[in-house]
Structure formats: C-alpha cells, structure tokens
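Here is how the chains run, residue by residue.
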Number of protein chains: 2
Amino acid sequence: MSRLRADHVTSFSQAQSAVSLELFPDTAARSGGVLSVGGVAATELAERFGTPLVVYCRETLVAQARAYRGVDSDALVVYGVKAFPSVGILRLFASEGLGADVSSLGELAFARRAGLEGDRLIVHGNNKSDAELEAAAAADALVVLDSSEEVARAHEARVRRVLVRLTPGVEARTHQSIQTAHDESKFGLDPEQALATLRVALDGLEPVGVHVHIGSQLARPDESLLAIDRLVAFCARARDELAWTPRLVDLGGGLGVAHSPKEDVPDAHTFASALVARFRAGWPEPARLVLEPGRSLVGRAGVTLYRVGATKRSGGVDYVAIDGGMSDNPRPQLYGARYHAILANRDGPAEGAFRIAGKHCETGDVLIERIELPRPRRGDLLAVPATGGYTLAMASNYNALPRPAAVLVAGGEAELLRRRETIDDLLAYEA
Amino acid sequence: MSRLRADHVTSFSQAQSAVSLELFPDTAARSGGVLSVGGVAATELAERFGTPLVVYCRETLVAQARAYRGVDSDALVVYGVKAFPSVGILRLFASEGLGADVSSLGELAFARRAGLEGDRLIVHGNNKSDAELEAAAAADALVVLDSSEEVARAHEARVRRVLVRLTPGVEARTHQSIQTAHDESKFGLDPEQALATLRVALDGLEPVGVHVHIGSQLARPDESLLAIDRLVAFCARARDELAWTPRLVDLGGGLGVAHSPKEDVPDAHTFASALVARFRAGWPEPARLVLEPGRSLVGRAGVTLYRVGATKRSGGVDYVAIDGGMSDNPRPQLYGARYHAILANRDGPAEGAFRIAGKHCETGDVLIERIELPRPRRGDLLAVPATGGYTLAMASNYNALPRPAAVLVAGGEAELLRRRETIDDLLAYEA
C-alpha cells in the first residue's frame, strides 16, 4: 500500500468539504477530491479490496477507547462486542486496556481469540445456554445474572463471580427496539427480584456487583442519570437488607453516534463523565466502575465504500444504485436510520438530490432517501460515514449477496480485519 | 430416522389442535401431543439436527408448485429464489417443471447448481453488474431490462434474449418496503421508457417479452389485476408503435402467506388463475405466460423449531426466551410480521398469554408479542409455522449467532438442505 504524501492531503477542517467530513473518522481528508482515511485513498482501498468495503480508522478507534479510559483511571472499559465482532478490533482495544462484554458463545469465542478472559470479560444474555455458562466459567469471566433461575444454573456450570442486572424502570429516548430498561423489558430484574437473586446468589456464588443498561443509540444522558439514581438507591437497599455492597458497578453503555449532520450526540468523555460523577456523588463507598460502550467506540471509526452502478429517474426521483444495501447495513430498514454520504473519488458542488438505493430486489432497500451530491456516475465511489457499528454485525446474505470485507487503516497502510465472503462460501452450506 | 406409524398420527382435521395447525404444512399432525411434519416427529428432528431448525415439508412444496403449474398448462413457473436460496429446493422444483428467477450472481449460482439454464432462468435486478450480465449470457438466461442503459451493457455482455420491466404505476396494499410498482419505485420503466428501451433493444438484442411485478406478501389480487390491464394497454401500444408483440409475458409473483390465524390469503391457484384469466381476456394474441411465485411456494412449507430457555415475568409480561430470534427471522423487526406458534413436544389447554423473545441483546428481538400456550418450560420445543420464506434468506449472524440448519421431510424421512453454521465458520473470516 503506497503512502500518500502529507502535502497532498487537505485537512478536513479546510475548504468546502469541511461540513461533509464531520461525521467521518478523525483521519478523513481530501486530496484532489479523493477521500482518504488513515492516509490511504478510498480509490486505492476499493481497487485492492473490492466493494462494498468497511474501512476502520485505527486512530479513531484508539481515540475513542482513550476517551472512555480517561473518565476514571480505575474504571474497567469493556467493548460491547455485538456492535462489531472483530478479533482484530478486540486485540487493538485490549492493547489499550479494554475488555469485552459478550452475550453469546460466539461473541465469547471472538473475545477469547483476542486473548481476553477473567475480569476483562463480562458475559450477558437474557437466555444463556448451559454451554454459554460453562464457557464463561472456563474463561473465569464475570457473569451478569438476568433471572433468579440462573443462580442455580451458574452454580452448576461452575461460574464463580456474578453481577445482577437491575432494570431501573426508565424509558430511554431511542428507537423502541433498543430501549432495554423500561418496566416491561425482557432484560434484567426489578429491584425486588434483583435483591432476591442476590440473596440466593450469596449462597454458593460470589456476587461482585450490579449492572444497569438503559438502551442504545442514546443522544443525551438524562435517562441514564435517572437510571443511576435508581442504581444508587438499589445499592443502599442491598447494603441495608443484605449487608452486601458491590465491588463492581457496571453503568452499561448506550451512547449513540451521529449518522447524519442533523443528529447531535455528546462526545464519549462528556457522556461517560456525567454518569460517573452522578454515581460517585450518590454512592461514595469504594467500588470499581465498569463502562460498556459499543457503538460509540466503533461507529464513527467506520466508513463504508460502495461502487455506484445504475442511475435512473423514476417518478421524479433520481435513483443511484450501489453494489450493496440492506444486506450489509439493515439499520435504515430496522431502525429508520438516516445516513449521510459523499462521493469518495471526486469532489464538486452538489448537482442535485439523489436517492441511494441498494442492489436488492426490494423497494425498501434504500440506504439514503435524499442526499445532495455531484451527479453520481457509474463507477463512482460512494462513502457512507458512521457505519462502523451494527452494520457488518447485522449483515445478511439476502439475495445471496456475499458480505463485505473490513479493513483497518493507519499511517498509510491497510490491513484486512475480515475477508470478503464469496459465493462459494454460501454454496458450501448446501447439501 | 424412524418412521412414525400411521395409526399413531392424528390428522390435524381432528381434535382440539385443528385450529392451531391450519398455518402449518399439509402433512402436519399431532401424535400424543407431539407435532410431526412429513411423518417425522419434531422432537426427533430437534434431537438429530439441533435447534433452531427450519423444517420444510416436501409434500407442501410439491403441492404449491403444482397449484401454479395447473393454472395454465403452457405457462412457465419460476421460483423466486430470494425467498430461500436452496439448491435442494431448486432441484425439487426443477423436477416439477419449474424454473428460477434470480437477481444476483449468487442466486444465479444456486440456480445453475440445481441445473437450471436457458429459458428456465430469468435474471432480474435494478443494478446488474457486468459479471451478472456475463453470467446470465453464459447461462443463456432471459434478462429483464430495468433501465434503458442496460441495453448496451447487455449487448456487450453477449446477452441474447431480454424482457423489459414495466412499472404499471399501481400501489399494492402491502408493507411499503415490498411494494414495487408505484410510480416512484426503484424498479422498472414507465410505459414511455419501456417503449423507448424496447425500440433500442430491437437493434441487436432479441426482446422476447415484458414483465410486471407489483409487490410481495399480497393478500388480494385487485391491484395485480389493475397492473395487468395496464400491461395489456402497453402490449397494444408496442404492437401499434413498434410492430412488436411479446412472445413471453411475465406476470410476476407476489402472493402472500398467512403467518397468523388473523390473516386471510387466497390460495395460489385462485390468485394466479384470476391474473391469467384477466390477461388472456385482454390480450388474445398468442403469448407464453410466466409466473414468478416465491414466498407462496415455500412459506407455508416451512416450520421453525426453537428450544425454550429462560422464562420470566417482567412488568406484567410473561416472557419465554427461545434459542434464536431476529438473526434467523428478522421479519417482525423489518415488516412488523406477526407469527403464530405452538408447543411441538406436548399439547394441552392454554395456560396464559406469553411473549416469545429471542436470544439477542436487543429489546426489539421479540418474535411474537402475545400467544396463548400451555405454560412453556425450559427444554420445550416451540414450532413457528409459515416461516419458509424470507427467514433463512435474510438471516444474519447478529450477536455472533451461527445460522440454523434447514431440512426437508417426507414419508418419515428427513434430509439436510443446508447445514448448520458453526462458530468456527464465523471465525474463519477473521484475519
């Protein structure tokens, strides 16, 4: 991979492209109209690795990890693997002192492959299998109990240290599919259930802490702060009624990522600091804090590159079709997510508003309803920022489309995180 | 696989289970409370192949294929592969005289693996790549042109026979994501564009026909009939203005499947017959008809078996967690689909209303909001009918969950259609 010379790179803080790069990774820049990330030109990445391609900026990943680590020097920061299960990214985060939070045998396998175990591994799940509990025990991981019946099963599986998941009864302002802490949630235990579970767990297991998580893609800390007040009240009840205090207090994750210029999301340090300060003010006893960011660690670090194919006008709409769509990023269909995009191979003034449609045989396969761009032509590259989380993680093979590769870029070099799927890979499952 | 003796099998037309089996495949039956499909007990299938498992009834697949074939003896019936790309099912349908409609290089590879080519292969897509056009040409398939710029590209790729996709400007009454023929659709050409495309295609390509498709999961033929009237009008214009008449007329697909007892969907023969009769009445000239059913061929033939895990009460809701969810069937999240379920390993009167939650770390991962059942216990099997289409086809590895296997059952025997994914399969893509 050739290095781009620094003098060819225009910082995104200059020039007309300034606004359009704000959602991109820290190293995003334009040189002669060509987007680069980590010092590697998008055109070169597309040529070498093909499209669609998810490009992760190492510098942004590290910066986000450090933003969380800097909130509280003693805190344990664990990456919510479900945002993007990647051994390479888990290893990078591990080298920054982070652990992992996992919620399946598969995610546990990814984390162990990256060398994580013990205190740096937290196992969640509303329906843990025996195999998952046994694998958690084998890794000496911390297990978050989600129901009282799990106590006996955890004990049976030789799990040692556990946390209880408290449902604080707070409705996060986010898409209802990713609220997790309202009264009716499938997750966690209300305070009475959590106390009862702790009481049982004290006989045979080692309950080390308590966990709350109120939702995902949050744009403000308000509901999280309310959840923390309820967590403090729960800690006080546990101390008074069970003579038990938590050694570990897991404040969950949930900070969102801006996908379009209209969205306003606090930075990681500000968001996490507010939570930590609120908890410390309410609960001055010694306790190690755990933070579980997922999306906000990887979301803005990732950019997806697509190749433009057919363009056409239909019913007054200018369609631009790309070589991916709802199979590699189903968030528009699942959550009504709205994305932004730029042309990555050339720059220029907007020449119209376009609808970015995917390649799937489905009308709903629209990635972006309306975006102003220079008129895209067949062969152009489209870059969609803030696509590092919950994209490849949720990707399908709809229409028998192989899933994209992912690469890590830094200092003018690119390395594969995950190879591209092939049609032969898909056929290999057929009898 | 042992055969169940016929005298142990109670037909679903008898007894209290009658209502609850109406959405199931033709061979579904109960014996001592245990569900069987194709003469194989669900308990045995779950034991042998694991869960989640998608079970396809051969008899139902064949019956649905014949229902379409019986509408018009000369018609070409092609299976819409995107509903479930499966080499085994494609081979079964091919042995019943069906072809395939595909919309990607991957789907084309599945169809060719099943031995389909030439007239029995129809290639769609709003954004066909050069590789797809070349593969279509190599298979001597029929290519449906979706834009006028495709004419030159098809010619370049040595495609021979083409159809034009007409957008009839009809709004189907279905989820807006799967409407395909309204004026603003990303698919197809309005009548003026279609005529212009035909005119260009007549120089160098062999335009053999015209195609319309108005949407998916349709519950009534009304809008399709209107689309057919517009198709007839288009054929008349093409004859008058270009002295061209279609040899092939592709009426598309789109018939839905009932997923819950509240849904009422016409049978395949009735639906397709209405379309064919309307077209023949309006266009008496000789033309071979093409029908493109997908979902209605495979939907009701498939039943998904899940194992029940955790059960708990939260905020007044009785949760039952299963070992799959939105990764193997994202239709509730994508389309608001509502499914039905029964316990597959035992029968009995309803003991309450339950919410069936998946295993994913996401609140929206609810497969069924409310279903009356005998109280499910850990280890029970849950059977969800009408899950043969757009389930495995759209499945993901969210939360690093491996995707289910699929089996074909008939006459007391079960064979694998697609093997279960493993965690090692997922890790194999990691660098």
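Anything mentioned here points back to the structure above.
Report follows, based on the coordinates. These numbers were taken from a predicted model, which means no experiment stands behind them.

Conventions adopted
Here the residue index of a chain counts from 1 through its sequence in written order. As a convention, the first chain written is A and the first ligand written is 1, with the rest following in written order. The predicted nature of this model means local features are confined to residues of pLDDT at least 70 and side-chain atom pairs, given and counted, to a pLDDT of 80 or more, with totals for whole chains, interfaces and linings taken over all residues. As a rule here, side-chain values cover all heavy atoms of the structure and leave hydrogens and water aside. By definition, any uninterrupted DSSP run of H or I lasting at least four residues is a helix, any uninterrupted run of E lasting at least two residues is a strand, and each is numbered from the N terminus. In this treatment the radius of gyration is a C-alpha quantity, and the globule benchmark scales as 2.2 Å times the residue count to the 0.38 power. Burial status follows relative accessibility: with a 1.4 Å probe on protein chains alone, a residue under 20% of its type maximum counts as buried, one over 50% as exposed, and anything between as partly exposed. We call two residues in contact whenever any of their non-hydrogen atoms come within 4.5 Å of each other. Accessible surface is estimated by sampling points in the Shrake-Rupley manner with a 1.4 Å probe; for residues, cover comes only from the protein chains shown. Just so you know, the count uses Lys and Arg for positive and Asp and Glu for negative, and it drops His and the chain ends. Just so you know, the charge point we use is NZ for Lys, CZ for Arg, CG for Asp and CD for Glu. A least-squares fit on C-alpha atoms brings the copies together, and the residues used are those whose pLDDT is at least 70 in both copies. Summed over both partners, the accessible surface that disappears when two parts come together, traced with a 1.4 Å probe, is what is meant by buried area. Here a salt bridge means any side-chain nitrogen of Lys or Arg lying within 4 Å of a carboxyl oxygen belonging to Asp or Glu. Polar contacts here mean pairs of N or O atoms no more than 3.5 Å apart (in protein, one a potential hydrogen donor and the other a potential acceptor; neighbouring residues in sequence count only if both atoms are side-chain atoms). In this classification, the charged set is Asp, Glu, Lys and Arg, the nonpolar set is Ala, Val, Leu, Ile, Met, Phe, Trp, Tyr, Cys and Pro, and all remaining amino acids, among them Gly, are polar. An expected span of 1.5 Å times one less than the residue number is assigned to each helix. By definition, the arc is the one covered by directions from the helix axis to the C-beta atoms. Structural elements are reduced to axes, namely lines fitted to C-alpha atoms, with helices fitted over the stretch in contact, and the angle between N-to-C directions of any two is expressed from 0 to 180 degrees. An angle below 35 degrees is read as roughly parallel, one above 145 as roughly antiparallel, one from 65 to 115 as roughly perpendicular, and any other as oblique. Less than a right angle of anticlockwise turn of the near helix away from the far helix marks a crossing as left-handed, whereas a clockwise turn marks it as right-handed. Pairing of aromatic rings covers Phe, Tyr and Trp, the last through its six-membered ring, and needs centres within 6.5 Å; plane angles under 30 degrees mean stacked, over 60 mean edge-to-face, and all others mean tilted. By this definition, two strands are paired if DSSP reports at least two bridges between them.

Let's talk about the overall build of chain A
Then, in step 1: Summing up its helical and strand segments, chain A has 12 helices and 21 strands in all.
Then, in step 2: For chain A, the C-alpha radius of gyration of 23 Å lies close to 22 Å, the compact-globule estimate for 431 residues.
Then, in step 3: On the principal axes, the C-alpha backbone points of chain A span a range of 70 × 55 × 45 Å.
Then, in step 4: Sorting the 431 residues of chain A into buried and exposed places 65% on the buried side.
Then, in step 5: Put simply, 70% of the contacts in chain A that link residues at least 6 apart link residues at least 24 apart.
Then, in step 6: Total accessible area computed for chain A in this model is approximately 14600 Å², and 48% of it derives from carbon and sulfur atoms.
Then, in step 7: For chain A, the distance from the average site of its 48 positive side-chain charges to the average site of its 55 negative ones is 4 Å.

Looking at the relation of the copies chain A and chain B
Then, in step 1: For the pair chain A and chain B, the superposition axis carries a translation of 0.0 Å, the fit reaches an RMSD of 0.0 Å, and the rotation angle comes to 180°. Expressed as a symmetry operation, the mapping of one chain copy onto the other fits a two-fold axis. Residue Ser 396 of chain A, judged by its C-alpha, is the member of chain A lying nearest the rotation axis, at 2.2 Å.
Then, in step 2: Counting the interface residues of chain A, we find that 100% of their copies in chain B are interface residues as well, pointing to one common contact surface.

Examining the interface of chain A and chain B
Then, in step 1: Taken together, the 87 residues of chain A in the interface contact 87 residues of chain B.
Then, in step 2: Buried area between chain A and chain B, summed over both chains or domains, comes out near 7000 Å², and the portion from carbon and sulfur atoms is 48%.
Then, in step 3: Across the chain A-chain B interface, the total number found is 6 salt bridges.
Then, in step 4: The partner of Asp 146 of chain A in a salt bridge is Lys 312 of chain B, with the nearest N and O atoms 2.6 Å apart.
Then, in step 5: Applying the counting criterion to the chain A and chain B interface returns 37 residue pairs in polar contact (both at pLDDT 80 or more).
Then, in step 6: Of all the secondary-structure elements, those providing two or more residues to the side of chain A that touches chain B are helix H3 (87–95), helix H4 (105–113), strand S14 (302–314), strand S15 (317–322), helix H11 (331–335), strand S17 (352–357), strand S21 (413–418) and helix H12 (423–427) of chain A.
Then, in step 7: With 6 residues, the single largest contributor to the side of chain A that touches chain B is H4 of chain A.
Then, in step 8: Per-class residue counts for the side of chain A that touches chain B are 32 nonpolar, 29 polar and 26 charged.

Quick notes on unusual backbone geometry
Residues and elements named next belong to chain A.
Then, in step 1: Note the cis peptide between Thr 51 and Pro 52, where omega equals -10°.
Then, in step 2: Relative to the assigned elements, Pro 52 resides in the loop between helix H1 (42–49) and strand S5 (53–57).
Then, in step 3: Positive phi is not limited to glycine here, since Asp 140 has a value of about 55°.
Then, in step 4: With respect to the secondary-structure elements, Asp 140 resides in the loop between helix H5 (130–138) and strand S9 (142–145).
Then, in step 5: Among the residues examined, Asp 140 registers a relative accessible area of 29% and is labelled partly exposed.

Points about helix H9 (residues 268–282) of chain B
All names here are of chain B.
Then, in step 1: End to end, H9 covers 22 Å across 15 residues, agreeing with the expected 21 Å (1.5 Å per residue, within 8%).
Then, in step 2: Looking at the packing, one finds that the buried side of H9 touches helix H2 (58–69), helix H8 (222–242), strand S12 (248–250) and strand S13 (288–291).
Then, in step 3: Sitting at the amino-terminal end of H9 is Asp 267, which places a side-chain oxygen 3.1 Å from the backbone nitrogen of His 269.

Remarks on helix H1 (residues 42–49) of chain B
Residue and element names in this part refer to chain B.
Then, in step 1: Buried residues of H1: Ala 42, Leu 45, Ala 46 and Phe 49, and no others. Around the axis of H1, the buried residues are gathered within 95° of arc, so they sit on the same side.
Then, in step 2: Positive phi appears at Gly 50, one or two residues downstream of H1, with a value of about 80°.

Some remarks on the packing of helix H7 (residues 191–201) of chain B against H8 of chain B
Residues and elements named next belong to chain B.
Then, in step 1: Viewed as axis vectors pointing N to C, H7 and H8 meet at an angle of 45°, and their least axial separation amounts to 11 Å. Classified by the angle their axes make, H7 and H8 are oblique. Viewed along their axes, H7 and H8 form a crossing whose handedness is right-handed. Across from Pro 191, Glu 192, Ala 194, Leu 195, Leu 198 and Arg 199 in H7, the residues of H8 making contact are Phe 234, Arg 237, Ala 238, Glu 241 and Leu 242.
Then, in step 2: Its residues assigned to classes, the contact of H7 with H8 comprises 7 nonpolar, no polar and 4 charged.

Some points on the side chain of Arg 331 of chain A
Residue and element names in this part refer to chain A.
Then, in step 1: With respect to the element layout, Arg 331 can be found in helix H11.
Then, in step 2: Here Arg 331 sits buried without a salt bridge, and the closest side chain of opposite charge, Glu 263, lies 7.1 Å off (N-O distance).
Then, in step 3: Not counting the four nearest positions on each side in its chain, Arg 331 is found in contact with His 259, Arg 295, Gly 336, Ala 337, Tyr 339, Gly 389 and Tyr 390.

With respect to the environment of Pro 207 of chain A
Residues and elements named next belong to chain A.
Then, in step 1: Tracing the sequence through the fold places Pro 207 in strand S11 (residues 206–211).
Then, in step 2: Between the alpha carbons of Pro 207 and Leu 291 there is a distance of 18 Å; along the sequence they are 84 residues apart.
Then, in step 3: In this structure, Pro 207 is in contact with Val 162, Leu 198, Ala 201, Leu 202 and Trp 244, ignoring residues within four places of it in sequence.

Here we look at the packing of aromatic side chains
Then, in step 1: Summed over the entire model, instances satisfying the criterion amount to 6 aromatic pairs over all chains.
Then, in step 2: Ring geometry for Tyr 390 of chain A against Tyr 398 of chain B: centres 6.3 Å apart, planes inclined by 70°, an arrangement best described as edge-to-face. Placement of Tyr 390 of chain A in the loop between strand S19 (381–385) and strand S20 (405–410) and of Tyr 398 of chain B in the loop between strand S19 (381–385) and strand S20 (405–410) is noted, with the two residues assigned to different chains. The same class applies to Tyr 390 of chain A and to Tyr 398 of chain B, which are both buried.

As for the sheet that holds S11 of chain A
Residues and elements named next belong to chain A.
Then, in step 1: Strands sit in the order S6-S7-S8-S9-S10-S11-S12-S13 around a closed barrel of 8 strands; the barrel is parallel. Strand-to-strand twist across the sheet, computed as the mean angle between neighbouring axes with direction ignored, equals 30°.
Then, in step 2: Pairing geometry for strand S6 (residues 76–80) and strand S7 (residues 99–102), over 3 bridges, is parallel. Counterpart to Val 78 in the pairing with S7 is Gly 99.
Then, in step 3: Lying over the sheet, helix H7 (residues 191–201) contacts S9, strand S10 (161–165) and S11, oriented at roughly 165° with respect to S10.

Section: the packing of helix H8 (residues 222–242) of chain A against helix H9 (residues 268–282) of chain A
Residues and elements named next belong to chain A.
Then, in step 1: At a closest axis distance of 9 Å, the pairing of H8 and H9 adopts a crossing angle of 30°. By the angle between their directions, the pair H8 and H9 is classed as roughly parallel. When the axes of H8 and H9 are compared, the crossing they make is right-handed. Residues Ser 224, Leu 225, Ile 228, Asp 229, Leu 231, Val 232 and Cys 235 of H8 pack against Phe 271, Ala 274, Leu 275, Arg 278, Phe 279 and Gly 282 of H9.

Observations concerning the sheet that holds strand S10 (residues 161–165) of chain B
Residues and elements named next belong to chain B.
Then, in step 1: The strand order around the closed barrel formed by 8 strands is S6-S7-S8-S9-S10-S11-S12-S13, and the pairing between neighbours is parallel. Going across the sheet, the axis of each strand differs from the next one's by a mean of 30°, ignoring polarity.
Then, in step 2: Bridge count between strand S6 (residues 76–80) and S13: 2 bridges; the pairing is parallel. Paired with Leu 76 across the strands is Val 290, a residue of S13.
Then, in step 3: Relative to the sheet, helix H4 (residues 105–113) contacts strand S7 (99–102) and strand S8 (121–123), its axis offset from that of S7 by approximately 165°.
Then, in step 4: Along the sheet, H7 contacts strand S9 (142–145), S10 and strand S11 (206–211); its crossing angle with S10, the most-contacted strand, is approximately 165°.

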